[in-house]
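Spelled out from the first residue to the last, the chains are:
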Amino acid sequence: MSHRTAVVVPTPAHSSIGGVLTYLSEAPLAPGTLVRVPLGRRELLGVVWEPDSADDFEARTKSVSAALGDLPPLDASWRQLVTFSSQYYRRGIGEVALAALPPQLRDLDAAQLARRLKRQGSRDVIHAEEAAHELTAEQRDALAAIEGEAGPFLLFGSTGSGKTEIYLQAVQRLLAHTPDAQALVMVPEINLTPQLHARFVERFGEAAVVAMHSGMTPPQRLKAWLAAHLGHARIVLGTRMAVFASMPKLALLVVDEEHDPSYKQQEGARYSARDLAIYRGKAAGAKVLLGSATPSLESWQASEKGRYRRLEMPSRIGAGALPGVRLVDMNLQPKKTVFAGTLIDAIAQRIARGEQSLVFLNRRGYAPVLACGACDWKSECPNCSAFRVFHKIDRTLRCHHCGFTERVPRACPSCGNVDIAPLGRGTEKLEEQLEALLPGARVLRMDADTTRLKGELERQLAEVHSGDVDVLVGTQMVTKGHDFRRITLVAAVNPDAALFSADFRAPERLFSLLMQAAGRAGRDAAQSAGSEMWIQTWHPQHALFTALRRHDFPAFAAQQLKERELAGMPPFASQALVRAEARTQEVAQGFLHAAAEAAADSDAVEHVSVYSPVPMTLQRVANVERAQMLLESTSRVALQRFLADWQPRLHELRPRGLIRWAIDVDPLAV
Ligand code: ADP
Ligand code: ZN
Ligand code: ZN
């Protein structure tokens, strides 16, 4: 036991040790080797790290308990990705490394693992089973660029322009030309993985493709992880977590719908899988392909400046036209109109022709608030600074933040008045109203409530595809990705809130959401001529709608980027948030004030703006008070340097009553 070995272990996020500890081992262990080591009273899975990275720990140095020597070490580029993520997102290196490994690896001993590895045979690509489409000219140009240039690439293609076909063929060419090469393909939503998985399996065969997402069981995850790590799987298809898959021969990374906010992890190490894909591609010498019909303004700006190579595919396959956009001016409608008469007529015409319509609203439940007509009682959540939502179907009031659920009271809890009524509307109420306005129509509601049970989502999608539904009502989950062939009308009934949101990214999200939703209509060329996107708005003159009408993302992006530049916001500035949670707002903000004082003492603060602590928009959740403080700099490097200098000091501030704090680098909502 004489060799000093650096090992990363999952130390708690708030401990002052960096997560790399020194152990002794009998023989030298290569960096990347998985080991089992004692820590305190427990034995943990760890990863051997670069020898010079360990904290000094000599006095009580312990020995490695076991090395999982049958498994090839995690390679240098994977370790580099983990190290970078830990530094950039300011989390423990061990926490990041271990979170990136399948949980079951922690419980397997070396012998079990060896047995498993034997069973996991090598896999070959069965070559392209389904004949690839003959490419359109736009697709040919895009693929030629991807093959011939270095990238990173931003594939800017309309919905239905054949982006997925580009991913498939880029992967296909890579696998055909480079023995052993691996490709990583990421999608934003678990729900979208089965569809894409099917397309990849059709093309490359079952054995070549593995999925990686949080909906898998621990044994499934271990199996997929091993297949990728051993190079047996040539293609890994997954959600954001897949960016950390161990892929020793990684040569291509694809990020589909790269603008999607779900690429940002919202707890622990709050990484952006899209941004890490760019980093990983560079570090591993792999190509990176981002794709979207409405790129994030960050990626768009990078393509404007030439840092990313933009590939454009404006045309829809089969000349299916993008739907015409119709704005309904709600100022001209009778008071309390939910659905404009013209919209209902248009939906009725669709039904008569055997076509489908999609109506969406970003709020599930029946109504956002229940209110008393006699006093000012409203269905506030006792634990959160939010209203509980009225769900008529089971007559409950449910808090969408803490989950607190109660039966609807018979009378106002405050004054006893029996006349309590819903205010506003959610998907449940829309469904009810549509059924009343369109007698006999088959209306199906799809949202997180109706798809909670396993298998429900698939069943409901099948119902839509088979034509058993006339009108689909749902939240934004129905607007993403699904290839609905018969939908010729899409309606957004109340999208205005995002126009005036405190969140500067809200217009970007709304535009993207509406473009995505419009993309659901008229996917079948035969029907696309009459396909329409309806938007009910109180602000029909808004620039966002003007650009949307023309399907003109570049114009929208240019206008937004100009505003952001003037206001000094991302992508023209880098941001980080410190969030604090405590029983009282005073304690949460007190911590942030102390943190701001510590910032003033830092030499690295010069190019960084430190804003005042404020309560978060959703100030209280489950009886926990939340506050945040924004940090901003025009230089990403300066902000990073500052955070590295400043964060260790925050560990020393331990105000009484503080529950937790965390740094969010490149936050999506500020
Ligand atoms: P996107 O990912 O941009 O929404 P897809 O790749 O899903 O677009 O393509 C839309 C539809 O067009 C799919 O049904 C796909 O199979 C088909 N398709 C794609 N490329 C071609 C092509 N070159 N020729 C014929 N059909 C194609
Ligand atoms: Zn009352
Ligand atoms: Zn609540």
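This one's a predicted model, so the numbers in the text were calculated from it and none came from an experiment. (Residues numbered from 1 in each chain as written. Chains lettered and ligands numbered in written order. Predicted model: local features only at pLDDT ≥ 70, side-chain atom pairs only at ≥ 80, totals over all residues.)

## Things to note about the UniProt feature "domain: Helicase ATP-binding" (unreviewed entry) in the protein chain
Formally: UniProt positions are given in the numbering used here, feature names are shortened, and annotations may be inferred rather than shown by experiment. Put simply, DSSP marks the helices as runs of H or I at least four residues long and the strands as runs of E at least two long, and each gets a number from the N terminus on.
UniProt marks residues 144-313 with the feature "domain: Helicase ATP-binding" (unreviewed entry), using the numbering shown here. A helix fraction of 38% and a strand fraction of 21% characterise residues 144-313, whose end C-alpha atoms lie 13 Å from each other.

## What to know about the sheet that holds strand 12 (residues 287-292)
Our working rule: DSSP calls a pair of strands paired once it identifies at least 2 bridges connecting them. Lines fitted to the C-alpha atoms define the axes, with helices restricted to the stretch that makes contact. Angles between their N-to-C directions range from 0 to 180 degrees. A pair of residues counts as a contact when their C-beta atoms, built from backbone coordinates, are separated by no more than 7 Å.
As summarised here, the arrangement of the 7 strands in space is 9-10-8-11-12-7-13, forming an open sheet in which the pairing is parallel. Sheet topology places strand 9 (209-212) and strand 13 (309-313) at the edges, where each strand pairs with a single neighbour. The sheet shows a mean angle of 20° between the axes of neighbouring strands, taken without regard to direction. Alignment of strand 9 against strand 10 (residues 235-238), held across 4 bridges, turns out to be parallel. When the bridges of strand 10 are listed, V210 appears paired with V236. Docked against the sheet, helix 5 (residues 163-177) engages strand 7 (153-157), strand 8 (182-186), strand 10, strand 11 (250-256), strand 12 and strand 13, running at close to 175° with respect to strand 11. Across the face of the sheet, helix 6 (residues 193-204) comes into contact with strand 9 and strand 10 while running at roughly 165° to strand 10.

## A word on the UniProt feature "binding site: Zn(2+) 2" (unreviewed entry) in the protein chain
Which entries qualify depends on this criterion: Field definition: a residue is buried when 20 or more other C-beta atoms are found within 10 Å of its C-beta, exposed when 12 or fewer are, and partly exposed for counts in between, with C-beta atoms placed from the backbone.
Taking the numbering used here, the UniProt-annotated feature "binding site: Zn(2+) 2" (unreviewed entry) corresponds to C381, C384, C399 and C402. A stretch of 22 residues holds the annotated residues, and the largest C-alpha distance among them is 8.7 Å, short enough that they meet in one place. Mapped onto the fold, C384 is located in the loop between strand 16 (369-372) and strand 17 (389-391). With residues up to four places along the chain from it excluded, the contact list for C384 reads C399, H401, C402, R620, V621 and A622. When you line up the elements, C402 lands in the loop between strand 18 (396-398) and strand 19 (405-407). Judged by the 18 C-beta atoms lying within 10 Å of it, C402 is partly exposed. Other than its neighbours up to four places away in sequence, C402 contacts C381, N383, C384, V621 and A622.

## Focus on the site of ligand 1
Going by this rule: What makes a residue near a molecule or strand is its C-beta atom, placed from the backbone, lying within 6 Å of it. Three classes are used, and their members are as follows: Ala, Val, Leu, Ile, Met, Phe, Trp, Tyr, Cys and Pro are nonpolar, Asp, Glu, Lys and Arg are charged, and the others, Gly among them, are polar.
Around ligand 1 there are 14 residues in total, and H133, G162, K163, T164 and E165 lie nearest to it. For the shell around ligand 1, the element with the most residues is helix 5, which contributes 3 residues. Considered class by class, the residues forming the shell around ligand 1 number 2 nonpolar, 9 polar and 3 charged.

## Some thoughts on the nonpolar core
Short version of the rule: Working definition: the nonpolar core is a set of buried Ala, Val, Leu, Ile, Met, Phe, Trp, Tyr and Cys residues, joined through C-beta atoms within 7 Å.
Counting residues in hydrophobic clusters, the biggest one holds 117 residues, and the most contacted among them are V7, L155, L184, M186, I235 and V236. The element best represented in this core is helix 5, accounting for 7 residues. Every residue in contact with V7, bar those within four places of it in the chain, is listed here: L21, Y23, V35, V37, G46, V47, V48 and W49. Among the nonpolar cores identified, the runner-up in size contains 47 residues, and L361, V464, W534 and F556 belong to it.

## Here we look at the confidence of the model for the protein chain
For clarity, the threshold we go by: As a per-residue measure, pLDDT tells how confident the predictor is, with possible values from 0 to 100.
Put simply, the protein chain has an average pLDDT of 88, and 94% of its residues get 70 or more. Per the prediction output, this complex has pTM 0.89; the corresponding ipTM is 0.95.

## Describing the packing of helix 17 (residues 585-600) against helix 18 (residues 636-652)
In a packed pair of helices, the relevant descriptors are the angle between the two axes and the axis-to-axis distance. Using the following cut-off: For classification purposes, an angle smaller than 35 degrees is called roughly parallel, one larger than 145 roughly antiparallel, one from 65 to 115 roughly perpendicular, and anything else oblique. A clockwise turn of the near helix away from the far one marks a right-handed crossing, whereas an anticlockwise turn of less than a right angle marks a left-handed crossing.
Between helix 17 and helix 18, the shortest axis-to-axis distance is 10 Å and the interhelical angle comes to 135°. The orientation of helix 17 relative to helix 18 falls into the category oblique. Note that helix 17 runs across helix 18; the crossing there is right-handed. Contacts between helix 17 and helix 18 pair A595, A598 and A599 from the former with W646, R649 and L650 from the latter. Residue classes in the contact of helix 17 with helix 18 are distributed as 5 nonpolar, no polar and 1 charged.

## Remarks on the environment of T475
By the element assignment, T475 lies in the loop between strand 22 (471-474) and strand 23 (487-492). Separated by 113 residues in sequence, T475 and N362 have C-alpha atoms that sit 4.9 Å apart. Ignoring any residue separated from it by four or fewer positions in sequence, one finds T475 in contact with F360, L361, N362, R364, T427, D447 and A448.

## As for the sheet that holds strand 19
With antiparallel pairing, 3 strands are arranged side by side in an open sheet as 17-18-19. The sheet terminates laterally at strand 17 and strand 19, the two strands that pair on one side only. Averaged over all pairs of adjacent strands, the angle between their axes in this sheet comes to 25°, without regard to strand direction. Alignment of strand 17 against strand 18, held across 3 bridges, turns out to be antiparallel. Bridging from a neighbouring strand, V389 pairs with R398 of strand 18.

## Some remarks on helix 17
What counts is decided by this rule: Here a helix's expected span is defined as the number of its residues, less one, multiplied by 1.5 Å.
With 16 residues, helix 17 extends 22 Å between its outermost C-alpha atoms, agreeing within 8% with the 22 Å of an ideal straight helix rising 1.5 Å per residue. Buried within helix 17 are the following residues: A588, Q589, G590, F591, L592, A595 and A599. Buried residues along helix 17 sit against strand 25 (574-582), strand 26 (609-610), strand 28 (624-633), helix 18 and strand 29 (658-665).

## Digging into helix 16 (residues 553-567)
The cut-off we apply is this: Summarising the geometry, the arc corresponds to the directions from the helix axis toward the C-beta atoms.
For helix 16, with 15 residues, the first-to-last C-alpha span of 21 Å sits near the 21 Å given by 1.5 Å per residue. Those residues of helix 16 that sit buried are F553, F556, A557 and Q560. Looking straight down helix 16, one finds that the buried residues subtend no more than 95° of arc, so they occupy a single side. Residues of helix 16 that are exposed and point more than 90 degrees away from the buried face comprise K562 and L566. Where helix 16 is buried, its residues meet helix 9 (297-304), helix 13 (506-519) and helix 15 (543-549). A positive phi of about 65° marks G568, the residue just after helix 16.

## Observations concerning the pairing of strand 22
Consecutive side chains of a regular strand alternate in pointing toward one face of the sheet and then the other. Across the two faces of strand 22 the burial is the same, with V471 and V473 and L472 and G474 all buried. Here strand 15 (residues 356-360) pairs with strand 22 via 4 bridges, running parallel. Counterpart to F360 in the pairing with strand 22 is G474. In the sheet, strand 21 (residues 443-446) pairs with strand 22 via 4 bridges, with the strands oriented parallel. Residue pairing in the sheet places V443 in a bridge with V471 of strand 22.

## What about unusual backbone geometry?
Put simply, G151 and P152 share a cis peptide bond, and its omega is 0°. Looking at the secondary structure, you find P152 in the loop between helix 4 (137-148) and strand 7. Along the chain, P570 connects to P571 via a cis peptide bond; the corresponding omega equals 5°. Relative to the elements of secondary structure, P571 occurs in the loop between helix 16 and strand 25.

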